[in-house]
Amino acid sequence: MANVQLTQTELQAILNYTVALAREAGLLILEGSAKIRSSGAADVKKNSVDLVTEYDVAVERLVKDRLSEKYPDFKFIGEESFAAGSRPELTDEPTFCVDPIDGTTNFIHGFPYACISLGLIYLKRPVLGVIYNPFLNQLYSAILGGGAYLEQASLPAIRLPLANPPRPLPSLSQALIGIEWGSDRSLEMVEKKGESFKRLAGDPATGVVKGKMAHSLRSLGSAALNYALVAQGGLDIYWEIGTWPWDICAGVIIAQEAGCFVAGGRDAPLDNDVNERVLWGRKHFVIRKIGDTETEKGVDAQKRLIKEFYETVEDFEPK
Ligand code: IPD
Ligand code: CA
């Protein structure tokens, strides 16, 4: 039993606070992007494609300071604090889980898909998520049991998914699939991912073994925004091996509240339960809400497509 108890009213109040905080962080991200684009000043973490800038650190400091002032009893996991050695154990207590800039490579290049991803974990499951892309002024948010919403520019919030009831998704060949290269570019990883992408995109009639010839593959460069796009219904599926809890925490609850099904790796149970093992498991899959048809319930279609997907792609351990 957690020492801090969270009611629905408290979750809503935390959402209001974190939405305002994400917007404030967004201003710093925009300011930083303009400066970094001219200077190109980025440091490398584990290799030359795993990048961090002074703004990743500055945004995390801003968010961490504000959250610890307002919620002193809550714990905090952040990408940059983790990289600097702060690795708190996940308990039942409320724990913020933050990626200050998800899509750092995009942030540096000026490709307008970077965001702050601010999640809250309670009883070891994501219960609140805010994802704000300041470049497009799009804010995605959700709390457990409250639905997921998109606020764009000054328009009123729209409940997700945008199409409700959503169109059916009979097979992978009709899907638009989010994929990412991530930051591990070892030979094993590029071969396994490359082979998987080939099967998803390739035409079996021309000899692509296990080819699904999906409608297409997309790479946004931000795990959080991939989740948001699946919640919205713009992407049908997003799969990645190599993600961390801060990449996906906010996205998971936004997706679940939008009727998506979230799974871990190939052997994880298909129960849409993003517990501690799945959060830290670094293998993640999400599929959008699918409407019921006369012959199949939407949730059964989601599970069928997850199985078909995992029979198609390669499995491997992230580094
Ligand atoms: C990365 C992005 C990228 C994904 C990587 C993440 P970062 O986060 O979300 O799309 O492929 O797995 O680590 O480095 O931009 O915060
Ligand atoms: Ca980041």
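Here the structure is shown first, and the text comes after it.
Residues numbered from 1 in each chain as written. Chains lettered and ligands numbered in written order. Predicted model: local features only at pLDDT ≥ 70, side-chain atom pairs only at ≥ 80, totals over all residues. Heavy atoms only, no water.

Caption draft 1: The arrangement of the overall build of the protein chain in detail. Looking only at helices and strands, the protein chain has nine helices and 14 strands in total. Its C-alpha radius of gyration of 19 Å places the protein chain within 12% of the 20 Å reference for a compact globule of 319 residues. Viewed in the frame of its principal axes, the protein chain has a C-alpha envelope of about 60 × 45 × 40 Å. Scored against the burial criterion, the 319 residues of the protein chain give a buried share of 52%. Here the contacts in the protein chain between residues at least 6 apart in sequence split such that 66% fall between residues at least 24 apart. (Helix = DSSP H or I, 4+ residues; strand = E, 2+ residues; numbered from the N terminus. Rg over C-alpha atoms; globule rule 2.2 N^0.38 Å. Buried < 20%, exposed > 50% of the residue type's maximum accessible area, 1.4 Å probe, protein only. Contact = heavy atoms within 4.5 Å.)

Caption draft 2: Main features of the state of the cysteines. Taken as a whole and judged by the stated rule, the model has zero disulfides. Take C97: it sits in no disulfide, and the sulfur closest to it among the cysteines is that of C249, at 4.3 Å. No disulfide involves C260; its nearest neighbouring cysteine sulfur is the one of C249, lying 15 Å away. (Disulfide = S-S within 2.5 Å.)

Caption draft 3: Structural detail: the pairing of strand β7 (residues 138-143). By the criterion of burial, β7 is predominantly enclosed, with six of the six residues buried. Residues Q138, Y140 and A142 of β7 are buried on one face, and the alternating residues L139, S141 and I143, pointing to the opposite face, are buried as well. As paired elements, strand β6 (residues 125-133) and β7 share six bridges and run antiparallel to each other. When the bridges of β7 are listed, I131 appears paired with Y140. Count of turn residues in the β6/β7 antiparallel hairpin: four residues, of which N137 carries a positive phi of about 50 degrees. (Pairing = 2+ DSSP bridges.)

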